Amino acid sequence: MKHREVFGEARWLSPRGSLDAALFRSEIQIKKEVNKAQITICGLGWFILYINGERVGTDEFVPAYSDYHDRPDMDLVYPLNDEWSHRIYVMKYDVTKYLIEGKNVLGIMLGGGYYHQLERKAEGNMNYGEIKLCYRLEADGEVFCSNKKDAVCSSGFFKRSNLFHGETLDFTGFDRGWNTAGGTLIGAEMPLEVVPPRSEFYFQNCPADRVAETLKPKLVKDFGEYSVYCVERNITGYPVVMCDKAGETVVMECAENINDDLTLNNWSVGFNEQRQIEKFITDNVKIYHPYFCWFGFRYFTLTNNAKPIEIRVIHSDVAVTSSFECSDETLNWYYKAFINTQLSNMHSGVPSDCPHRERLGYTGDGQLTCNAVMTSFDAESFYRKWMADIWDCQDKTTGHVQHTAPFAGGGGGPVGWGGAIINVPYQMYRHYGNRKDLEAMYPAMERYIKYILRRIKGGTVVREEDDGWCLGDWCTPSEIKIPEDFVNTTMFLSQLQQMVYCAKVLGKPYEKYMSCMEIYSMALLIKYFDKSTCDYAGNVQGANAFAVNAGMGVDRTIENLVRKYSEKTEFDTGIFGTEILLSVLYKTGNGELATRLLANKGEASFDYMRRAGATTLWENWNGEASHSHPMFGASTEFLFEEILGIKQTEDSVRYDKVVISPVFPKCLDFAKGKIKTPHGEIGVSWKRSGGKTEVCIDLCDGIDAVFKKDQNFALKKGSNRFII
């Protein structure tokens, strides 16, 4: 929608100076008792709305993060010539209960978020501009629009506010009733009316962030001037603290780790160059917390002139709709760690790579885990929004897809990252069956295929943009040896398979994609296949699995893969190779090996993270850098698809047709769990006892399902029990 369609005559307001955050106060007169009222509002980056001193709703960090509009002077360290589309999200609230007849006060806090970003320069200049605000309030036919004559603004208690670095909040002399009829906004002045952003406007329909739960902190050590505290698991959110005295400076810093001497270790959240610090200069109100930033942390320091009251866990309001448990403690930990990690990386409508250092919607991380997320969470509206971000960040002429969506710089590769524009719509359709979503994305998917075809030399994908990034696999436990062009080309072949599927669904021509698969499979055969061993690229770091997953290889290729990992017993693969390796092993009848590998106790293993006390997944197998990166959680999909055996048939969407076929690995004694489909829940449990295995399947209505073991057994709604 255009600006006028959403806001009518409302004006965009901005402080007169460049501020990280500001407070706006507006007084309106309502002539009669209010029966029906709603406000349409947008604050860039984020806003918090109060009416007559009461906070409206429970949303945090709204509106959702998007590629808002054009930015000048991004000053990137690599070339960028793309032009893409933009959107801004708008919130609408029923505010009837907050309004009264007579004088009413609208108080609005406005923070920078991702929009006004002046401090973090690692990816370039990502600033969109000065913070700004627009609203239109309708109350029983009366209309009140934001304008400079009826509003005042000031920096209030905000002395500094930055999403990545934290805030400094000074409440000295501040009137806490600033947003009430009897209050005053000290130092206020008339705001500026500014030109509306040049963008499309959409009402937000993805889940907002909210306080999901509160936790109690535990004292680790008192160092005299300050103390170190911990939380039961690595989370996102912030501590709420109490200070009894006015005029105190309270300092709080959050991190994921502590050193051997129990002091805070900041390395993983920003390589010691970027730190999560919050400062409060206190008044008599006693309770303090951040407003426009969350922190990714498990430990925090707090000066001893204050005490922590609670920890607010904050993330997008996305429900966990799965459960999993088995006889192996590593697999149980892996599932829980992925859930914790993924929730910590769902903020403001974007699946991020980490919730502290970068906080960006990397297309590689997001597309890699999307099947696992859609399996374990109620994530349809969340991913529909992010799918629009990917669409926005595609060059409309060349088809190039950025490494982050919304675009905020970042490195990556041609297919593992940009291929999100293929995989996310494909997975969305398989899980939720919305044909309109797929139809809308299909032209962009086609443009991307054409883009990659122009980046092929000698039959393999060799680059993205000139002088830009060109990663293959990433975060292998040792030096990356698997060739980048091999990884990108095999993954491209897999995406061509998805394009064939999508084209058939939509009744589009698909023969050209099949032809491409033949041509580039042959190119890989010529360049990387060893006829004497039947290995691709020396079977290094899962190379044979990449080939088999792309439809190549012979029986001996698989045999070599099985032999290698039977002997190696741990991973040597990166973020893509790990998921692909396990997928190929399961799909080729090697479920026992795949499960043992998934649960392996070596150094390159999820158990290594567990033994180290982790509660979220690491960026690297050895624990370097971030301790909250969801990308290695992609393989949780196999807990449900293979160990529990809940699989859709090839011709099914929305789980209309399901085959229950667990692999029953000998390394497990039992497994049980459930997922929620658009029809309802599917639950599976199995347990060995006395040489037999009891299988129980709970099936909701509306699903055509069979249990497959040697032969197919039709399943009925409700409980189904088998002894095999």
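Reference entry: report on the structure contained in this document. In this numbering scheme, every chain counts its residues from 1 along its sequence in written order. Totals for whole chains, interfaces and linings use all residues, but because this is a predicted model, local features are given only for residues with pLDDT of at least 70 and pairs of side-chain atoms are given and counted only at 80 or more. Calculation of side-chain values draws on the structure's entire complement of heavy atoms; hydrogens and water are dropped beforehand.

## Some remarks on the packing of helix α3 (residues 329-344) against helix α4 (residues 363-376)
Packed helices, taken two at a time, are described by the angle their axes make and the gap between the axes. To be explicit about the condition: The axes are straight lines fitted to the C-alpha atoms, using for helices just the contacting stretch, and the angles between their N-to-C directions are given from 0 to 180°. Helix numbers and strand numbers start at the N terminus; a helix is a DSSP run of H or I with at least 4 residues, a strand a run of E with at least 2. For classification purposes, angles smaller than 35 degrees are called roughly parallel, those larger than 145 roughly antiparallel, those between 65 and 115 roughly perpendicular, and all remaining angles oblique. Working rule for contacts: check all heavy atoms of both residues, and any pair within 4.5 Å makes them a contact.
Relative to each other, α3 and α4 sit at 100°, their axes nearing to 12 Å. Considering their axes alone, α3 and α4 lie roughly perpendicular with respect to each other. Where α3 approaches α4, its residues Tyr 335, Phe 338, Ile 339 and Gln 342 are matched on the opposing element by Thr 369, Ala 372, Val 373 and Ser 376.

## Some thoughts on the sheet that holds strand β35 (residues 680-689)
Sheet strands associate in pairs through backbone hydrogen bonding, adopting either a parallel or an antiparallel arrangement. Going by this rule: Strands are treated as partners if at least two bridges between them are detected by DSSP.
The 5 strands are arranged β25-β34-β35-β36-β39 in an open sheet whose pairing can be described as antiparallel. Unpaired on one side and paired on the other, β25 (323-326) and β39 (718-723) mark the two borders of the sheet. For this sheet the average axis-to-axis angle between neighbouring strands, irrespective of direction, equals 10°. As defined by bridge partners, β35 adjoins strand β36 (residues 692-699) across 8 bridges and the pair is classed as antiparallel. Within β36, the position partnered with Gly 683 by the bridge is Asp 698.

## Examining helix α9 (residues 511-528)
We apply this condition: Working rule for helices: expected span equals 1.5 Å times residues minus one. With a 1.4 Å probe rolled over the protein chains alone, any residue whose accessible area is under 20% of its type maximum counts as buried; one over 50% counts as exposed, and the rest are partly exposed. Read the arc as the range of directions from the helix axis to the C-beta atoms.
For α9, which comprises 18 residues, the first-to-last C-alpha distance of 26 Å matches the rise-based estimate of 26 Å (1.5 Å per residue) to within 8%. Considered for burial, the residues of α9 that qualify are Tyr 513, Cys 516, Met 517, Tyr 520, Ser 521, Ala 523, Leu 524 and Tyr 528. Looking down the long axis of α9, one finds its buried residues gathered within 160° of arc, a one-sided arrangement. Facing away from the buried side of α9, by more than 90 degrees, are the exposed residues Glu 518 and Ile 526. Lining the buried residues of α9 we find α7 (435-453), β28 (456-457), β29 (460-461), α8 (484-506), β30 (529-530) and β31 (535-536).

## A few points about the nonpolar core
Formally: Residues belong to one nonpolar core when they are buried, are Ala, Val, Leu, Ile, Met, Phe, Trp, Tyr or Cys, and are joined through side-chain atoms within 4.5 Å.
By size, the foremost hydrophobic cluster in this structure holds 200 residues, and its most contacted members are Met 109, Tyr 383, Phe 486 and Phe 606. Per element, the largest residue contribution to this core is 12 residues, and it comes from α8. Look past the residues within four positions of Tyr 383 in its chain and what remains in contact with it is Gln 342, Pro 351, Gly 366, Thr 369, Cys 370, Val 373, Met 374, Val 424 and Met 428. The next biggest cluster of nonpolar side chains, apart from the first, holds 31 residues, and it includes Ile 30, Ala 37, Ile 39 and Met 91.

## Observations concerning helix α12 (residues 575-587)
If you check α12, its first and last C-alpha atoms are 19 Å apart, about what 13 residues at 1.5 Å a residue would give, namely 18 Å. Most of α12 is tucked away, with 12 of its 13 residues classed as buried. All buried positions along α12 are accounted for by Ile 575, Phe 576, Gly 577, Thr 578, Glu 579, Ile 580, Leu 581, Leu 582, Ser 583, Val 584, Leu 585 and Tyr 586. Looking one or two places after α12, you find Gly 589, whose phi comes out positive at around 85°.

## Digging into the pairing of strand β9 (residues 142-145)
Of the two faces of β9, only one is covered, namely that formed by Glu 142 and Phe 144; the face formed by Val 143 and Cys 145 stays uncovered. Judged from the 4 bridges that link them, strand β8 (residues 132-139) and β9 form a sheet pairing that is antiparallel. Along β9, the bridge assignment pairs Ala 139 with Glu 142. In this antiparallel pair of consecutive strands, β8 and β9, the connection spans 2 residues, and Asp 140 shows a positive phi of 50°.

## Some points on a nonpolar patch on the surface
What counts, and what does not: Patch rule: a residue counts if its relative accessible area is over 30% and it has no salt bridge; like charges are joined within 9 Å, and nonpolar side chains (Val, Leu, Ile, Met, Phe, Trp, Tyr) within 5 Å. The Shrake-Rupley method, run with a 1.4 Å probe, gives the accessible areas here. Residue values count only the displayed protein chains as cover. What counts as a salt bridge is simple: a side-chain nitrogen of Lys or Arg found within 4 Å of a carboxyl oxygen of Asp or Glu.
Taken together, the side chains of Trp 469, Trp 474 and Ile 480 define a hydrophobic patch exposed on the protein surface, amounting to about 260 Å² of accessible area. Given a relative accessible area of 37%, Trp 469 falls into the partly exposed group.

## As for the side chain of Arg 357
Relative to the helices and strands, Arg 357 is located in the loop between β27 (350-351) and α4. Setting aside chain neighbours within four positions, we find Arg 357 in contact with Arg 120, Phe 164, Ser 268, Val 269, Gly 270, Phe 271, Gln 274, Glu 619, Ala 625, Ser 626 and His 629.

## So, the pattern of salt bridges
As enumerated under the stated definition, the model contains 40 salt bridges in all. Notably, a salt bridge pairs Lys 36 with Asp 94, separated by 3.2 Å at the nearest N-O pair. Remark: Asp 94 occurs in strand β6 (residues 87-94) and Lys 36 occurs in the loop between β2 (21-30) and β3 (37-44); sequence separation between them is 58 residues. The partly exposed category is assigned to Lys 36, whose relative accessible area is 48%. Of the residues examined, Asp 94 reaches a relative accessible area of 45% and is grouped as partly exposed. Here the residues in one salt-bridge network are Glu 329, Asp 607, Arg 610 and Arg 611, joined through shared partners.

## Thoughts on the sheet that holds strand β32 (residues 646-648)
Sheet architecture is open: 4 strands sit in the order β32-β33-β37-β38, paired in mixed fashion. Of all the strands in the sheet, just β32 and β38 (711-714) have a single pairing partner and so form its edges. Neighbour-to-neighbour, the strand axes of this sheet turn through a mean angle of 30°, independent of strand direction.

## Observations regarding the side chain of Thr 321
Positionally, Thr 321 belongs in the loop between β24 (307-316) and β25. Non-local contacts of Thr 321, meaning those with residues more than four positions away in its chain, are made with Ser 376, Phe 377, Asp 378, Lys 674, Ile 675 and Lys 676.

## Digging into the packing of aromatic side chains
Put simply, the test is: Ring pairs are drawn from Phe, Tyr and Trp, using the six-membered ring of Trp, whenever the two centres fall within 6.5 Å, and their geometry is named by plane angle: stacked under 30 degrees, edge-to-face over 60, tilted for the rest. Charge-over-ring contacts are defined here by two conditions on Lys NZ or Arg CZ: a distance within 6 Å of the ring centre and an angle within 35 degrees of the ring normal.
Scanning the entire structure with this criterion turns up 52 aromatic pairs. Measuring from ring centre to ring centre gives 5.5 Å for Tyr 115 and Tyr 128, while their planes differ by 10°; the resulting arrangement is stacked. Here Tyr 115, found in the loop between β7 (102-111) and β8, pairs with Tyr 128, found in the loop between β7 and β8; they are 13 residues apart in sequence, far enough to count as distant. The residues Tyr 115 and Tyr 128 share a single accessibility class, namely buried. Centre to centre, the rings of Tyr 608 and Trp 618 are 6.1 Å apart; their planes meet at 85°, and the pair counts as edge-to-face. Here Tyr 608 is found in helix α14 (residues 606-611), whereas its partner Trp 618 is found in the loop between α14 and α15 (637-643), with 10 residues between them in sequence. The partly exposed category is assigned to Tyr 608, whose relative accessible area is 28%. For Trp 618, a relative accessible area of 4% corresponds to the buried category. Feature note: the residues Trp 46, Phe 61, Tyr 65, Tyr 68, Tyr 114, Tyr 115, Tyr 128, Phe 164 and Trp 294 constitute an aromatic cluster, connected by ring pairs. Above the ring of Phe 164, the side-chain terminus of Arg 120 is found at 5.4 Å from the ring centroid. The positively charged end of Arg 176 is found above the aromatic ring belonging to Phe 171, 4.0 Å away from the centroid.

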